[in-house]
Amino acid sequence: MSSTSTSPIVDIHTHMYPPSYISLLSKRTTVPYIYQPSDPTADPRLIILESDDDPSKPKESRGRPVDSTYSSFDKKREFMSIHGISCSVISLANPWLDFLDPEIALSTAVAINDDLENECAKNNSSSEHQGLKLYAFGTLPLSAPAKDIVSEIHRLKFLPHMKGVIMGTTGLGQGLDDPALNDVYAALASTGTIVFLHPHYGLPAEAFGGPSVVSKTGHVLPLALGFPLETTIAVSRMYLAGVWDQHPKLEFLLAHSGGTLPFLAGRLESCVAHEREFIANGGKTQGPERSIWDVLQNNIYLDAVIYGKPGLKAAIEAAGSVDRVMFGTDHPFFPPLGEEGGKWLSVESNKTVINGALSQDDQSIKKILGGNAVRVLGLEL
């Protein structure tokens, strides 16, 4: 739509593996790791899922190729220019720092966050890159003691280009309903730090029929189904544990339009209302005190990385307003498999869905494509 051309387009779901992180993974030999083929002209292979590390396959064909698109800020800007994106809020891609020894987790997080802050600052102050703004979500040292995680949350508030944090669904290793996360949630809520929640581990291969089925279809089942269900389960556990009852100001931004939550929130609500284990029905377990719809419409934002009109419409309905849905690309994943240099199907399909679902509402299109992110994250464009 031509009228959106003068409005900012903000990509809030866009990843990078900074050079320091590439170096970290390249020194490892167990998942997650990067394998450098003996052929110097071949791209390194990124093995980040257990299903990627299939011993029946040579290492040269495991995982996915990872070229400079994953780590180059110039490539990020080139991608933004091709797709008319004004601003990218960069986050470290999965599996973040979940696998690190506690002794080095904090220092590694600080180094990566400082790298992102410095690159964003350099970009935004450069006359060469006018019109292409960069911000970032910081990464947390979740394998470190809680006090170290809390200290990094507070430190990030003093880095002007850090606009939140990214987190996976395992938290400290036991899930996001783990009471040990209370201090972390309290720090996030008190500092007004939004959490971009992103899946990584998916579901066991057995959920799809076993490793042989997954092997035949590659990443389709784990990514198309496993990732959204991972997010759905993680957030549902948080809700059932009363995390938002205890931390009413805690805000999350959910990847992939919240998984299947927009479709299943009503079913979750009904099951809670009828559960005999909960005190409200004569049981002994507290159960959530707030409606799931209340949480969705006051504590949760959704990205628009959904690729279809029914999913986007459900996301908007579940969020209660177009004001709580934001555009994303998932770059550099899902690149074109053909000729390089053109527009990405994975990006253009999301834009098409937004324009098509809201074809009579230009203001709502502008909000989802960029206005909401500018307002919610406090971006200076």
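What you are looking at is a predicted structure, and each value in this text was computed from that prediction instead of being measured.

Engineer: Help me understand the overall build of the chain, please; the structure alone is not making it clear to me.
Structural biologist: If you tally the helices and strands in the chain, you get 13 helices and 11 strands. Taking 21 Å as the expected radius of gyration for a compact globule of 381 residues, we find that the chain reaches 20 Å, a close match to that expectation. By the burial criterion, 52% of the 381 residues in the chain qualify as buried. Of the contacts made within the chain by residues no fewer than 6 positions apart, 72% connect residues no fewer than 24 positions apart. Total accessible area on the chain is roughly 16,600 Å²; 54% of this is exposed by carbon and sulfur atoms. Taken together, the 31 basic and 43 acidic charged side chains of the chain have centroids lying 3 Å from each other.

Engineer: Quick question: what am I supposed to make of the side chain of His198 here?
Structural biologist: With respect to the helices and strands, the residue His198 is situated in the loop between strand 8 (195–197) and helix 6 (211–217). The class of His198 is buried, set by a relative accessible area of 2%. Residues contacting His198, with those up to four places away along its chain left out, are His13, His15, Asn94, Trp96, Ile166, Met167, Gly168, Thr169, Phe227, Ala255, His256 and Asp330.

Engineer: When you look at the pairing of strand 7 (residues 162–167) in this model, what are you seeing that I'm missing?
Structural biologist: Along any regular strand, the residues point their side chains to alternate faces of the sheet. Of all six residues making up strand 7, six are buried, and the element is well covered by its neighbours. When strand 6 (residues 133–139) meets strand 7, the two strands line up parallel, connected through three bridges. In the strand pairing of strand 7, Ala136 is matched with Met162. Tracing the backbone out of strand 6, into helix 4 (residues 146–156) and back to the parallel element strand 7 gives a crossover that is right-handed. In terms of handedness, the path from strand 7 via helix 5 (residues 182–191) over to strand 8 forms a crossover that is right-handed.

Engineer: Help me out: how do you make sense of the packing of helix 7 (residues 220–240) against helix 9 (residues 261–274) in this one?
Structural biologist: Contact geometry of helix 7 with helix 9 gives a least axis separation of 12 Å together with a crossing angle of 35 degrees. For the element pair helix 7 and helix 9, the recorded crossing hand is right-handed. Two secondary-structure elements touch here, helix 7 through Thr232, Val235, Ser236, Tyr239 and Leu240 and helix 9 through Leu261, Leu268, Glu269 and Val272. A class-by-class count of the residues in the contact of helix 7 with helix 9 yields six nonpolar, two polar and one charged.

Engineer: Whenever I open this one, the environment of Pro40 confuses me. Can you help?
Structural biologist: By secondary structure assignment, the location of Pro40 is in the loop between strand 2 (33–35) and strand 3 (45–47). As for Pro40 and Leu221, which are separated by 181 residues in sequence, their C-alpha atoms are 32 Å apart.

Engineer: Got a minute to help me understand the sheet that holds strand 2 in this structure?
Structural biologist: Adjacent strands of a sheet form backbone hydrogen bonds with each other and so pair up, either parallel or antiparallel. Overall, antiparallel pairing links the three strands, which are arranged 2-3-4 in an open sheet. On the outer flanks of this sheet lie strand 2 and strand 4 (64–65), each paired with one strand and no other. Bridge count between strand 2 and strand 3: three bridges; the pairing is antiparallel. Looking at strand 3, one finds that Tyr35 is bridged to Arg45.

Engineer: What should I look at first to understand helix 3 (residues 102–124) in this one?
Structural biologist: Residues separated by three or four positions in an α-helix point in the same direction, a consequence of the helix having 3.6 residues per turn. Here helix 3 contains 23 residues, and its C-alpha end-to-end distance of 34 Å stays within 8% of the 33 Å for a straight helix at 1.5 Å per residue. All of the buried residues along helix 3 are Ala105, Thr108, Ala109, Ile112, Asn113, Leu116, Glu117, Cys120, Asn123 and Asn124. The inward-facing, buried residues of helix 3 contact helix 1 (19–26), helix 2 (73–82), strand 5 (87–92), strand 6, helix 4 and strand 7.

Engineer: Please clarify how the pattern of salt bridges should be interpreted in this entry.
Structural biologist: It is possible for side chains bearing opposite charge to pair when their charged atoms get close. Here the structure, examined in full by the defined rule, presents 11 salt bridges. For the salt bridge of Asp323 with Lys367, the shortest nitrogen-to-oxygen distance reads 2.9 Å. Of the two residues, Asp323 is situated in the loop between helix 11 (309–319) and strand 11 (325–326) and Lys367 in helix 13 (residues 362–377); the sequence distance between them amounts to 44 residues. For Asp323, a relative accessible area of 26% puts it in the partly exposed group.

Engineer: What should I look at first to understand unusual backbone geometry in this one?
Structural biologist: Only a minority of non-glycine residues have a phi that is not negative, and only a minority of peptide bonds are not trans. The amide bond that connects Val31 to the next residue, Pro32, takes the cis arrangement and shows omega of 0 degrees. Along the chain, the position of Pro32 falls in the loop between helix 1 and strand 2. One non-glycine residue with positive phi stands out, namely Tyr307, at about 70 degrees. The residue Tyr307 is located in the loop between strand 10 (300–303) and helix 11 in this model. Of the residues examined, Tyr307 reaches a relative accessible area of 35% and is grouped as partly exposed. The phi angle at Asp330 is positive, at roughly 65 degrees, despite the residue not being glycine. Within the fold, Asp330 resides in the loop between strand 11 and helix 12 (345–357).

Engineer: Could you clarify how one ought to interpret the packing of aromatic side chains in this entry?
Structural biologist: Centre-to-centre distance and the angle between the planes together describe a pair of aromatic rings. Inspection of every chain in the model, using the stated rule, returns seven aromatic pairs. Over the ring of Tyr301 we find Arg324, and its NZ or CZ is 4.0 Å from the ring centre.

Engineer: Before we go on, may I ask you to explain the pairing of strand 6 in this structure?
Structural biologist: Summarising burial for strand 6: six of the seven residues are buried, a large majority. With five bridges connecting them, strand 5 and strand 6 associate as parallel partners. Looking at the pairing, Ser91 lines up with Phe137 of strand 6.

Engineer: Explain the sheet that holds strand 5 to me, please; I cannot follow it from the model alone.
Structural biologist: If you trace the eight strands from one edge of the open sheet to the other, you get 1-5-6-7-8-9-10-11, paired in parallel fashion. The sheet is open, and its two edges are formed by strand 1 (10–16) and strand 11, each paired on a single side. Sheet analysis places strand 9 (residues 252–254) next to strand 10, joined by three bridges and oriented parallel. Bridged to Leu253 within strand 10 is Tyr301.

What counts and what doesn't
Residues numbered from 1 in each chain as written. Predicted model: local features only at pLDDT ≥ 70, side-chain atom pairs only at ≥ 80, totals over all residues. Heavy atoms only, no water. Helix = DSSP H or I, 4+ residues; strand = E, 2+ residues; numbered from the N terminus. Rg over C-alpha atoms; globule rule 2.2 N^0.38 Å. Buried < 20%, exposed > 50% of the residue type's maximum accessible area, 1.4 Å probe, protein only. Contact = heavy atoms within 4.5 Å. Areas by Shrake-Rupley, 256 points an atom, 1.4 Å probe, with all protein chains shown as cover. Lys, Arg positive; Asp, Glu negative; His and termini not counted. Charge placed at Lys NZ, Arg CZ, Asp CG, Glu CD. Pairing = 2+ DSSP bridges. Right-handed = clockwise from strand over helix to strand, strands pointing away. Axes fitted to C-alpha atoms, helices over the stretch in contact; angles between N-to-C directions. Left-handed = near helix turned anticlockwise from the far one by under 90°. Nonpolar A, V, L, I, M, F, W, Y, C, P; charged D, E, K, R; others polar. Expected span 1.5 Å × (residues − 1). Salt bridge = Lys/Arg side-chain N within 4 Å of Asp/Glu carboxyl O. Phe/Tyr/Trp six-rings, centres within 6.5 Å; stacked < 30°, edge-to-face > 60°. Lys NZ or Arg CZ within 6 Å of the ring centre and 35° of its normal.

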